[in-house]
Amino acid sequence: MRKRGSSVFAGLILLVIGGVLLANQINPGLLANILPDTITITWPWFVIGTGLVFIFFALLTGTGGLAVPGSVIGTIGLILYYQNNSGDWESWAFIWVLIPASVGLGIILSSLIEGHLRSAIPGVWLLLINLVIFLVFWAIFRRDSALLSAYWPVLLIVAGVLLLIQPPLGRRRAGG
């Protein structure tokens, strides 16, 4: 039964993507007419859309596991959208840290969809740790960010304290 469900999911994804692309090919500019003038459809939108399709089907079917690849694909699409529009391709030096953060976000979404809130805790930690690392890298690589450039060691200290505090709290909860 599970194999049938995955082939139905894959078939629906292909139908939706193919239908949208065919409609846009038959009526060029169709997507541009639907969207506001501030948003132009560029190739990263197809990556973002694929991630959103995964998240949509995760919500629709209650299969939280689909939220993890959806979050990763969507985040990669957002990164590519930023880089494509800004021309800031050098940001790959530090922006890649958002990809593991998106795994944490996917775990959180998966836990919420499936109703297992306790299983979201590792996702929260993965998301927070990678966001702190991203901010530290941003401060190091982007000297134009004065606040982060001056205080990025504070972020490292906070991350270290959180990592030191977290295991004892986890042991107390398990023991109590």
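In this convention, every chain numbers its residues from 1, walking through the sequence in written order. Where totals are concerned, whole chains, interfaces and linings use all residues; where local detail is concerned, this predicted model gives features only for residues with pLDDT of at least 70, and gives and counts side-chain atom pairs only at 80 or more. The side-chain numbers reported here are obtained from all heavy atoms of the structure, hydrogens and water having been left aside.

K.L.:
So what's going on with the overall build of the chain? Which residues, and what values?
P.N.:
Numbering goes from the N terminus for both helices and strands, where a helix is a DSSP run of H or I of at least four residues and a strand is a run of E of at least two. Along the chain, the regular secondary structure elements total eight helices and zero strands. Overall, the chain shows an N-to-C arrangement of helices and strands of α-α-α-α-α-α-α-α. In the chain, of all internal contacts separated by at least 6 residues, the share reaching a separation of at least 24 is 54%. Here the accessible surface of atoms and residues is derived via Shrake-Rupley with a 1.4 Å probe, and residues count as covered only by protein chains that are part of the display. For the chain, the computed accessible surface area is about 11100 Å², with 73% contributed by carbon and sulfur atoms. Any two residues whose heavy atoms approach within 4.5 Å are treated as being in contact.

K.L.:
Before we move on, could you go through the packing of helix H3 (residues 44-61) against helix H4 (residues 67-86) and cite the residues and values that matter?
P.N.:
Here an angle of 0 to 180 degrees is reported between the N-to-C directions of two axes, which are lines fitted to C-alpha atoms, with helices fitted over the stretch in contact. Between H3 and H4, whose axes approach to 7 Å, the crossing angle comes to 160 degrees. Classified by the angle their axes make, H3 and H4 are roughly antiparallel. Between H3 and H4 lies a crossing whose hand is left-handed. Every residue of H4 that contacts H3 at Pro44, Trp45, Val47, Ile48, Thr50, Gly51, Phe54, Ile55 and Ala58 is listed here: Ala67, Pro69, Gly70, Ser71, Ile73, Gly74, Ile76, Gly77, Leu78, Leu80, Tyr81 and Asn84. Any angle between 65 and 115 degrees counts as roughly perpendicular, while under 35 counts as roughly parallel, over 145 as roughly antiparallel, and the rest as oblique. Each helix crossing is assigned a hand: it is left-handed if the near helix lies turned anticlockwise from the far helix by less than a right angle, otherwise right-handed if that turn is clockwise.

K.L.:
I'd like a description of helix H7 (residues 121-141), backed by residues and values.
P.N.:
Multiplying 1.5 Å by the helix residue count minus one yields the expected span of that helix. Its 21 residues place the ends of H7 30 Å apart at the C-alpha level, agreeing with the 30 Å of an ideal helix rising 1.5 Å per residue. Those residues of H7 not exposed but buried are Gly123, Leu127, Asn130, Val132, Phe134, Val136 and Ala139. Classification of residues uses two cut-offs on accessible area relative to the type maximum, computed with a 1.4 Å probe and protein chains only: under 20% is buried, over 50% is exposed, and between them is partly exposed.

K.L.:
Go over the packing of H4 against helix H6 (residues 98-114), please, and point to the residues and values.
P.N.:
Where H4 contacts H6, the axes come no closer than 7 Å and their chain directions differ by 140 degrees. With respect to the hand of their crossing, H4 and H6 are arranged in right-handed fashion. Here H4 contributes Ala67, Val68, Ser71, Val72, Thr75, Ile76 and Ile79 to the contact with H6, which in turn contributes Leu98, Ile99, Ser102, Val103, Leu105, Gly106, Ile107, Leu109, Ser110 and Ile113. Amino acid classes used here: Ala, Val, Leu, Ile, Met, Phe, Trp, Tyr, Cys and Pro are nonpolar; Asp, Glu, Lys and Arg are charged; the rest, including Gly, are polar. Residue composition of the contact of H4 with H6, grouped by class: twelve nonpolar, five polar and no charged.

K.L.:
Which residues make up the side chain of Ser102, and what values do they have?
P.N.:
Turning to its location among the elements, Ser102 is positioned in helix H6. Since its relative accessible area comes to 3%, Ser102 is described here as buried. Setting aside residues no more than four positions away along its own chain, Ser102 makes contact with Ser71, Val72 and Thr75.

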